[in-house]
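# Coordinates in review
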2 protein chains.
Amino acid sequence: MVVKSQIKFIKNLQQKKYRTQNRLFVVEGIKAVRELLNSTIKVHKIYVTDSSVLGLSGDFIEVISEGELKKISGLATPNKVLGVFHIPVPRPLDFSDWVIALDDVRDPGNMGTIIRLCDWFGVKNLICSSNSVDCYNPKVLQATMGSISRVNIVYGDLQKVLSKSEVPVYGAFMDGTVVYKEEFSKSGILVMGNEANGVSEAIEAVIGKKISIPQFGTKTTESLNVATATAILLNEIRRG
Amino acid sequence: MVVKSQIKFIKNLQQKKYRTQNRLFVVEGIKAVRELLNSTIKVHKIYVTDSSVLGLSGDFIEVISEGELKKISGLATPNKVLGVFHIPVPRPLDFSDWVIALDDVRDPGNMGTIIRLCDWFGVKNLICSSNSVDCYNPKVLQATMGSISRVNIVYGDLQKVLSKSEVPVYGAFMDGTVVYKEEFSKSGILVMGNEANGVSEAIEAVIGKKISIPQFGTKTTESLNVATATAILLNEIRRG
């Protein structure tokens, strides 16, 4: 049985404040929970409506009713399993390979897509400015499709990290050098800016090289979405 | 004043059935409405809460109260302007340049992002299978950022079009030739599949060449999202 204080505790984890306080986050759905159970991320507690769903047993598993799941879930239609996991302690950033840096990316869907892209392209380190959306936000987790466990995500002072960088710092801009002309080195940092404002002035000042994706259509178009641009630039870096 | 029958009429346009019946669609927000007014798409009626917002006058503009806007809007927080526009009659597909073909893309966000990508990369023709999400769906329009007016979108029998094609037909698959090795010709068709199932068997049978984006990370990862994959492949085609 899930008591009232537990319901409140789990529901609170929908908010960043409580996630940070408790160093815990929530993931829902069989596939996503199973993927995290098979990762290096440590489990705190799993709630299931049917003990056979995960094919697992252990102290950390509690069978609850569908009504109870509805009370602790953040979804309109809860999906059999809710897992509470420990937020991993970030490892120091490794600059021997490419690192993506996000300057105030705010949309959870974009953040999730970018984490998934890092995973696809084998980028193991992601640094986010403190004002970027929290990567343990449920909507981010939904978009990452489990890749969150394979990317080391660090929040911090972007300007400080970039200004001290020993590897080349690239940034995505509307008016940079055409990316196709760029010969990327083995390692570097690629900075992607905020959805509405792009890269901030403070960060622009510590960027070594501005790059851009050429526009082939009518010039009246909006810029590319930040997740889409990240996809194209990561592909450019990796294709060699 | 907006009478009851008008409210019902406009609200109904949130549904594909009524859009198809009336050949009309709804767009909300100052920026999006202004962009469509400046395009070749014909206006039917504009509702504004403040006549100065668009800096325009005409028979087709009606000033209404915020309460009235709330009644006709599909948004939780309506934004000053709601426009009703005529669905343009699609032009015949032009195969002298690249064409994107969508095989049952169902997510409005993905459809909108792909239309925006076509516009960015100067792809003027998009063909969608009949089961793909309607491009005049309000959620699609929100993601297109106005580029809907610059892409000719045709719904139809994909298999029929592809089997008769005189230009090369490419398709995105997990197990195709690495896209970096491909020398794309001046024109062709690129087929992108459904979010969950990829390209269907019937369509796969009429595809000349399977291509894929290499995976650089751990091999346990999910496939790339269809909009992200379209971004990378369109970039590959245009970069030359």
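Because the structure is a prediction, the values reported are computed rather than measured.

## Quick word on the packing of helix 5 (residues 108–120) of chain B against helix 9 (residues 226–239) of chain B
Residue and element names in this part refer to chain B. One can describe the packing of helix 5 onto helix 9 by two numbers: an axis separation of 9 Å at closest approach and a directional angle of 15°. By the criterion of interaxial angle, the relationship of helix 5 to helix 9 is roughly parallel. Where helix 5 crosses over helix 9, the handedness of that crossing is right-handed. Judged by residue contacts, Asn110, Thr113, Ile114, Leu117 and Cys118 of helix 5 engage Val226, Ala227, Thr230, Ala231 and Leu234 from helix 9. A class-by-class count of the residues in the contact of helix 5 with helix 9 yields 7 nonpolar, 3 polar and no charged.

## Things to note about the pairing of strand 1 (residues 24–28) of chain A
Residue and element names in this part refer to chain A. Most of strand 1 is tucked away: 5 of the 5 residues are buried. On strand 1, burial covers both faces: Leu24, Val26 and Glu28 on one face and Phe25 and Val27 on the other are all buried. Where strand 1 meets strand 4 (residues 81–86), 5 bridges bridge the pair, whose relative direction is antiparallel. Bridge pairing in strand 4 places phenylalanine 25 opposite phenylalanine 85.

## Observations regarding the environment of aspartate 104 of chain A
Residues and elements named next belong to chain A. With respect to the helices, strands and loops of the structure, aspartate 104 is situated in the loop between strand 5 (99–102) and helix 5 (108–120). Distance from aspartate 104 to methionine 192, taken between C-alpha atoms, is 8.7 Å for residues 88 residues apart in sequence. When residues no more than four places from it in sequence are discounted, the contact partners of aspartate 104 are Ser129, Asn131, Ser132, Asn194 and Glu195.

## Thoughts on the pattern of salt bridges
Residues and elements named next belong to chain A. Throughout the structure, instances matching the rule amount to 18 salt bridges over all chains. Two residues, lysine 209 and glutamate 182, come together in a salt bridge whose shortest N-O distance is 3.3 Å. A residue pair is termed long-range when its members are at least 10 positions apart, and lysine 209 in strand 10 (residues 209–212) and glutamate 182 in the loop between strand 8 (169–178) and strand 9 (189–192) qualify at 27 residues. Among the residues examined, lysine 209 registers a relative accessible area of 34% and is labelled partly exposed. The closest approach of N and O atoms between lysine 210 and glutamate 204, which form a salt bridge, is 2.6 Å. Each member of the salt-bridge network shares a partner with another, and the members are Glu35, Asp119 and Arg150.

## Here's the deal with the sheet that holds strand 6 (residues 125–129) of chain B
Residue and element names in this part refer to chain B. In spatial order, the strands read 7-6-5-9-8-10; together these 6 strands make up an open sheet with parallel pairing. The outermost strands of the open sheet, each flanked by one partner alone, are strand 7 (152–156) and strand 10 (209–212). Put simply, the sheet's adjacent strands are angled 35° from each other on average, direction ignored. The sheet strands contacting helix 9 are strand 5 (99–102), strand 8 (169–178), strand 9 (189–192) and strand 10, and the helix crosses strand 9 at an angle near 160°.

Parameters and conventions
- Residues numbered from 1 in each chain as written.
- Chains lettered and ligands numbered in written order.
- Predicted model: local features only at pLDDT ≥ 70, side-chain atom pairs only at ≥ 80, totals over all residues.
- Heavy atoms only, no water.
- Axes fitted to C-alpha atoms, helices over the stretch in contact; angles between N-to-C directions.
- Helix = DSSP H or I, 4+ residues; strand = E, 2+ residues; numbered from the N terminus.
- Parallel < 35°, antiparallel > 145°, perpendicular 65-115°, else oblique.
- Left-handed = near helix turned anticlockwise from the far one by under 90°.
- Contact = heavy atoms within 4.5 Å.
- Nonpolar A, V, L, I, M, F, W, Y, C, P; charged D, E, K, R; others polar.
- Buried < 20%, exposed > 50% of the residue type's maximum accessible area, 1.4 Å probe, protein only.
- Pairing = 2+ DSSP bridges.
- Salt bridge = Lys/Arg side-chain N within 4 Å of Asp/Glu carboxyl O.

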